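Chain residues, written in single-letter form:
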Amino acid sequence: MPNNSPLAALQARVAAVNDVLNAISVLTWDSRTMMPAGGAQTRGLQISTLTGLALELLLSPLTEAALAAAEQAVQELAPDALERSMVAQVQQAVAHHRRIPASLTQERAALRTVAQAAWIEARARSDFTLFAPHLEKTVALARRYADCAGWREHPYDAMVALYEPGETASSLKQLFATLRQGLLPLLAAAQAQPPRRRDFLFRDFPEAEQRSFGLALAEKLGFDLQRGRLDTTVHPFEVSFTREDVRITTRYRRDYLPASMFGTAHETGHALYEQGVDPAYTRSVFATDLIGLYAVGGTSFGAHESQSRLWENHVVRSRDFWRLHFTELQSHFPEQLADVTPDEFYAAVTHAEPGFIRVEADELSYDLHVMLRVDIECALMDGSLPVADLPGAWNAAIQRDLGLTVPNDAQGVLQDVHWSTGYIGSFPSYTIGNVMAAQLMAALQAQDSTLAPAIQSGHYAPLKAALGQAIWQHGRRFGREELLARSTGRGLDPAPYLAYLQTKYSPGTAHQ
Ligand code: ZN
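Quick caveat, the model's predicted, so the values are computed rather than measured.

Caption draft 1: Summary view of the overall build of the protein. Regarding its fold elements, the protein presents 20 helices and three strands. Since a compact globule built from 512 residues should have a radius of gyration of about 24 Å, the 23 Å found for the protein is in line with a globular shape. Seen along its three principal axes, the alpha-carbon backbone of the protein occupies a region of about 70 × 55 × 45 Å. For the protein, the exposed surface amounts to about 21300 Å²; the carbon and sulfur share of it is 54%. If the 44 positive side-chain charges of the protein are averaged to one point and the 56 negative ones to another, these points end up 1 Å apart.

Next comes the structure, spelled out in structure tokens:
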């Protein structure tokens, strides 16, 4: 990073913001892993105070002076110089936060705690009406936020920009139409296949053994435990406090083996990204989301999700992986898996059958869950769908896309936490991650013919190195589309994803 003085001064300001944001991440990690329930109220206040402090640091006259001096200092540099990019990113964040009134940010933050508590109760009682008034406020505030942040075609565009810069309601519509066309016939064909054996997934799997297998799995994929940890939580997540300390979490279900196993593989993918960011970017703008006020090395939610889905689905949920490693799993659970072959295990964990719950969905129906949420979010943001009509719209979409009748709100419109925490606009990133994962995998294997054989024989270091070079090392230096263009020669393209699903899930391929 720059060490001449105007740029160093700006870097010092950004580093201070990054430190505060990382402190928030530690408090958040603790609140989701270790903290007793009683700590929630005051923890919320602590995080809110620190968020205010981060914003104060970013918008202070000192930062403003440092930014003005740095702008001068980079004028002579080449257009693609690192220092120019650093200054531009700080400028953009400062301009963004100046457009949003502090009172609106505070109102949104305050509503979050109340709305989430209401959502927890509404979901427990499966009663949408308990959550509806809070969602109405959340949507009203999001619409005000969108108007302040600015949008051209659709108010949703301002929300998506927080997670997936460059995407809009209309670009997503196009992407989703292509995916839907490819996915629906694949799903129908998969459902017409004879049933597979899955009984053994639901046997008794003690948590300690699941954990030791999960840790070994994370290490096998390349997770550095000198710079990371695996802990237990209710809703699995990954968080980094700089690249030198990256935490992953999982949840163990004693009566269902895949949940923690694939969950751990997923979070490991996120962790590898964070551990792989160039050390020179530590505490810099390239490891800080100054707009979302979050210390993170990944460049967008979708890019992050591409890494988790790649390791979870392309590597671990593959026939090769289980042919190689099933005996290791068996050694942890010799009785439970005594009567199972690697191919039976693979067939069971790639069983495609639509269900009500997004987080439990198979690869073929997962994106349909995402798409219906995005349709609903767009309609809420432009006012064409009143909150009161939401359960009806939800149930109709599940019936149309998955052929299922939603039995109650808990398994329907109340299942996800996102809307209660004000996260409107983040759902598209899940599907973008799926698309990007397949595109990267196809391109990297085409560029290096030794990569696929290495993965097939259980050597994951070459894949780790290739992803590190293409994606991880760059941190937030480039946006998602630029990263894709540099590593695959084009922007986001759904074709490799549909080809991957076609190969993996077409009838006849399951028992080759
Ligand atoms: Zn994820």
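The rest of the description comes next.
Caption draft 2: Region of interest: the sheet that holds strand E3 (residues 246–250). Reading across the sheet, the three strands line up as E1-E3-E2 and stay open at both edges, with mixed pairing between neighbours. Looking at strand neighbours, the two that pair on one side only are strand E1 (228–232) and strand E2 (238–240), the edges of this open sheet. Pairs of neighbouring strands in the sheet enclose a mean axial angle of 20°, with direction left out of account. In terms of strand pairing, E2 meets E3 through three bridges, oriented antiparallel. Across the sheet, the residue bridging to serine 240 is valine 246, located in E3.

Caption draft 3: Region of interest: the nonpolar core. Counting 115 residues, the largest nonpolar core has Tyr156, Trp311, Val315, Trp322, Leu329 and Phe345 as its most contacted members. At eleven residues, helix H14 (residues 366–382) tops the list of elements feeding residues into this core. In contact with valine 315, not counting residues within four places along its chain, are Leu221, Leu310, Phe321, Met441, Tyr460 and Leu463. One finds Val20, Leu67, Val94 and Leu290 within the second-largest nonpolar core, a separate group that totals 28 residues.

Caption draft 4: The coordination of the zinc ion, seen in detail. At 2.1 to 2.8 Å from the zinc ion lie its protein donor atoms, namely His266 (NE2), His270 (NE2), Glu305 (OE) and Glu305 (OE). What the four donor atoms of the zinc ion show is an angle range of 49 to 121° at the metal, which sorts the shape as irregular. Taken in sequence order, the residues that donate to the zinc ion follow the motif H-x3-H-x34-E. Here histidine 266 is found in helix H10 (residues 258–275), whereas its partner glutamate 305 is found in helix H11 (residues 301–316), with 39 residues between them in sequence.

Caption draft 5: A look at the pairing of E3. The buried count for E3 comes to five of five residues, which makes it a mostly enclosed element. The side-chain alternation of E3 yields two buried faces, one formed by Val246, Ile248 and Thr250 and the other by Arg247 and Thr249. Linking E2 to E3, which pair antiparallel, is a turn of five residues; within it threonine 242 sits at a positive phi near 75°.

Caption draft 6: Region of the structure containing the pattern of salt bridges. Considering all chains together, one arrives at 33 salt bridges under this definition. Put simply, glutamate 482 and arginine 486 hold a salt bridge, and the shortest N to O gap is 3.4 Å. Of the two residues, glutamate 482 and arginine 486 both sit in helix H19 (residues 480–488), four residues apart, roughly one turn of that helix. Look at glutamate 482 and you get partly exposed, because its relative accessible area is 39%. By sharing partners, the salt bridges in this structure join Arg197, Asp199, Arg203, Asp339 and Glu344 into a single network.

Caption draft 7: The side chain of threonine 264, seen in detail. One can find threonine 264 in helix H10. Beyond its immediate sequence surroundings of up to four residues, threonine 264 is in contact with Gly214, Ala218, Leu230 and Thr250.

Caption draft 8: Local environment of helix H16 (residues 428–447). Compared with the 28 Å implied by 1.5 Å per residue over 20 residues, the 28 Å span of H16 between its first and last C-alpha is a close match. Most of H16 sits inside the fold, with 16 of its 20 residues counted as buried.

Caption draft 9: Up close: unusual backbone geometry. Phi angles above zero are rare outside glycine, and threonine 242 is one such case at about 75°. Within the fold, threonine 242 resides in the loop between E2 and E3. Exposure remark for threonine 242: the relative accessible area of 25% places this residue in the partly exposed category. The backbone phi angle of arginine 283 is positive, close to 70°, even though this residue is not glycine.

Caption draft 10: Examining the layout of surface pockets more closely. By volume, the second largest pocket amounts to about 660 Å³. Lining the second largest pocket we find 24 residues, and of these His314, Ser318, Asp320, Tyr500 and Thr503 sit closest to its centre. Tallied by class, residues from the lining of the second largest pocket come to eleven nonpolar, eight polar and five charged.

Caption draft 11: Representation of the packing of aromatic side chains within the structure. Following the criterion strictly, the structure yields 17 aromatic pairs and no others. Ring centres of tryptophan 394 and tryptophan 419 lie 6.3 Å apart, and the angle between their planes is 90°; on these two criteria the pair is classed as edge-to-face. Residue tryptophan 394 is located in helix H15 (residues 390–402), and its partner tryptophan 419 is located in the loop between H15 and H16; the two are separated by 25 residues in the primary sequence. Judged by its relative accessible area of 5%, tryptophan 419 falls in the buried class. The rings of Phe200, Phe262, Phe321, Trp322, Phe326, Phe345 and Tyr460 are connected pair by pair, giving a single aromatic cluster. Note that arginine 108 overlies the ring of tyrosine 145, its terminal NZ or CZ placed 4.6 Å from the centroid. The cationic tip of arginine 309 hangs over the ring face of tyrosine 366; the distance from NZ or CZ to the ring centre is 4.5 Å.

Caption draft 12: Region of the structure containing the state of the cysteines. Inspection of every chain in the model, using the stated rule, returns zero disulfides. Cysteine cysteine 378 is unpaired, with the sulfur of cysteine 148 as its nearest cysteine sulfur at 20 Å.

Caption draft 13: Quick peek at empty space enclosed by the protein. As enumerated under the stated definition, the model contains three cavities of 30 Å³ or more in all. Lining the largest cavity are 14 residues, with Thr242, Arg243, Glu274, Ala287 and Gly297 positioned closest to its centre. In terms of residue class, the lining of the largest cavity is made up of five nonpolar, six polar and three charged. Contributing to the lining of the second largest cavity are Arg108, Leu111, Arg112, Ala115, Thr138, Leu141, Ala142, Ser420, Thr421 and Gly422. Those elements that place two or more of their residues in the lining of the second largest cavity are helix H5 (102–125) and helix H6 (128–149). Of all the elements, H5 adds the most residues to the lining of the second largest cavity, at four residues. In terms of residue class, the lining of the second largest cavity is built from four nonpolar, four polar and two charged.

Thresholds applied
- Residues numbered from 1 in each chain as written.
- Predicted model: local features only at pLDDT ≥ 70, side-chain atom pairs only at ≥ 80, totals over all residues.
- Heavy atoms only, no water.
- Helix = DSSP H or I, 4+ residues; strand = E, 2+ residues; numbered from the N terminus.
- Rg over C-alpha atoms; globule rule 2.2 N^0.38 Å.
- Areas by Shrake-Rupley, 256 points an atom, 1.4 Å probe, with all protein chains shown as cover.
- Lys, Arg positive; Asp, Glu negative; His and termini not counted.
- Charge placed at Lys NZ, Arg CZ, Asp CG, Glu CD.
- Pairing = 2+ DSSP bridges.
- Axes fitted to C-alpha atoms, helices over the stretch in contact; angles between N-to-C directions.
- Core = buried A, V, L, I, M, F, W, Y, C linked by side-chain atoms within 4.5 Å.
- Buried < 20%, exposed > 50% of the residue type's maximum accessible area, 1.4 Å probe, protein only.
- Contact = heavy atoms within 4.5 Å.
- Donors = N, O, S within 2.8 Å, 3.2 Å for Na, K, Ca; no water.
- Tetrahedral: all angles 85-135°; square planar, octahedral: opposite > 155°, others 65-115°.
- Salt bridge = Lys/Arg side-chain N within 4 Å of Asp/Glu carboxyl O.
- Expected span 1.5 Å × (residues − 1).
- 1 Å grid on protein atoms, 1.4 Å probe; cavity = no way out; pocket = protein on both sides within 12 Å on 5 of 7 lines; lining within 4 Å.
- Points joined across faces, edges and corners; volume = space filled by probe spheres on them.
- Nonpolar A, V, L, I, M, F, W, Y, C, P; charged D, E, K, R; others polar.
- Phe/Tyr/Trp six-rings, centres within 6.5 Å; stacked < 30°, edge-to-face > 60°.
- Lys NZ or Arg CZ within 6 Å of the ring centre and 35° of its normal.
- Disulfide = S-S within 2.5 Å.

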